[in-house]
Amino acid sequence: MKNTPRPTINRRGFMLVLSSPSGTGKTTIARKVLELECELELSISVTTRPMRESEKEGKDYYFVNNEIFSQMIAKGEFLEHAHVYGYSYGTPKACIEKLLASGKDVLFDIDWQGTQQLKQISTGDLVSVFLLPPTIQALEERLHSRAEDSLETVQLRMSKAADEMSHWAEYDYVIVNHTLSESIQIVRSIIQAERLKRRRQIGLARFVNFLRGEE
Ligand code: 5GP
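All of these numbers come straight from a predicted model, not from anything done at the bench.

*Asks:* Would you explain the side chain of Arg52 in this entry?
*Replies:* Tracing the backbone shows Arg52 in the loop between β3 (45-47) and β4 (61-63). Not counting chain neighbours up to four residues away, the residues in contact with Arg52 comprise Arg146, Glu148, Asp149 and Arg157.

*Asks:* I keep staring at the site of the ligand and nothing clicks. Help me out?
*Replies:* Neighbouring the ligand are 17 residues, the closest being Ser45, Arg49, Tyr61, Tyr89 and Arg157. Glu80 is positioned with one of its side-chain polar atoms (N or O) 2.7 Å from a nitrogen atom of the ligand. Within the backbone of Gly90, a nitrogen or oxygen atom sits 3.2 Å from an oxygen atom of the ligand. In isolation the ligand exposes 510 Å². Once the protein is present, 96% of that is buried. Of all the secondary structure elements, the ones that give two or more residues to the shell around the ligand are β5 (78-84) and β6 (87-92). Per-class residue counts for the shell around the ligand are six nonpolar, four polar and seven charged.

*Asks:* Explanation requested: the sheet that holds β6 in the structure shown.
*Replies:* Here we have four strands laid out as an open sheet, ordered β4-β3-β6-β5, and mixed in their pairing. The sheet terminates laterally at β4 and β5, the two strands that pair on one side only. Averaged over all pairs of adjacent strands, the angle between their axes in this sheet comes to 25°, without regard to strand direction. Bridging between β3 and β6 involves two bridges; their strand directions are antiparallel. Bridge pairing links Thr47 to Tyr89 in β6. In the packing of helix α2 (residues 66-74) onto the sheet, contacts are made with β3, β5 and β6, and the angle to β5 comes to roughly 140°.

*Asks:* When you look at the packing of helix α5 (residues 136-145) against helix α6 (residues 151-165) in this model, what are you seeing that I'm missing?
*Replies:* To characterise two packed helices, one gives the angle between the axes of the helices and the distance between these axes. Running from N to C, α5 and α6 cross one another at 150°; their axes reach a closest spacing of 10 Å. By the criterion of interaxial angle, the relationship of α5 to α6 is roughly antiparallel. The handedness of the crossing between α5 and α6 is right-handed. For the pair α5 and α6, the contacting residues are Ile136, Leu139, Glu140, Leu143 and His144 in the first and Leu151, Val154, Arg157, Met158, Ala161 and Met165 in the second. A class-by-class count of the residues in the contact of α5 with α6 yields eight nonpolar, one polar and two charged.

*Asks:* What exactly am I supposed to notice about the side chain of Arg157 here?
*Replies:* Note on placement: Arg157 falls in helix α6. Residue class for Arg157 comes out buried when judged on its relative accessible area of 7%. Not counting chain neighbours up to four residues away, the residues in contact with Arg157 comprise Ser22, Arg49, Arg52, Tyr85, Tyr89, Leu143 and Arg146.

About the thresholds
- Residues numbered from 1 in each chain as written.
- Predicted model: local features only at pLDDT ≥ 70, side-chain atom pairs only at ≥ 80, totals over all residues.
- Heavy atoms only, no water.
- Helix = DSSP H or I, 4+ residues; strand = E, 2+ residues; numbered from the N terminus.
- Contact = heavy atoms within 4.5 Å.
- Near = heavy atom within 4 Å.
- Polar contact = N/O pair within 3.5 Å; in protein donor to acceptor, adjacent residues only side chain to side chain.
- Areas by Shrake-Rupley, 256 points an atom, 1.4 Å probe, with all protein chains shown as cover.
- Nonpolar A, V, L, I, M, F, W, Y, C, P; charged D, E, K, R; others polar.
- Pairing = 2+ DSSP bridges.
- Axes fitted to C-alpha atoms, helices over the stretch in contact; angles between N-to-C directions.
- Parallel < 35°, antiparallel > 145°, perpendicular 65-115°, else oblique.
- Left-handed = near helix turned anticlockwise from the far one by under 90°.
- Buried < 20%, exposed > 50% of the residue type's maximum accessible area, 1.4 Å probe, protein only.

The structure is reproduced here in structure tokens:
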């Protein structure tokens, strides 16, 4: 038997997009999946929305004013950007390609407009998941229970929910968020399956050649 070291199977990462109407539980699901999955990094967006009390600069978002956001657009620093619920949000380009090439997957908590933009540039690296609430009441309750947003903000987000939901058919996977634990498990299953896609396992040919050499 030969003593050649077994090659690891290199993989190209993918961009995992989670979208949903506000209040569906997407951010909670995303945080938990990030905690449980190694090799998954969060893309931290830039926004002009005011910071919520529970949020931290650089962990939840990079919070900037309109002027800085416009400068970032002008310098081409965003992979995608959109106006959502009255504020600007964008995904900074820096690091994403490097992460994908090194076999890391990147999770994006972005809306349907951003997903459409990523689709145009992704060349097969995009996996998109849309979350739906089990009922409209559940969505409303969740928005109200997040005591950090004003009534006005809650009303604006509720009024946009139907519009947001109309984009479900543009996504690869659709999950109805009946319970958080079940949805977290489903998202993890999607990640496992997507990691096994043959075209992402770019080191497979080398591995199979190695196996054949062992015969
Ligand atoms: P929130 O203000 O509740 O954190 O986010 C509001 C909405 O903006 C959510 O649907 C969220 O997914 C979306 N969002 C957050 N960051 C980005 C981004 O970088 N790009 C786009 N297109 N949407 C974003």
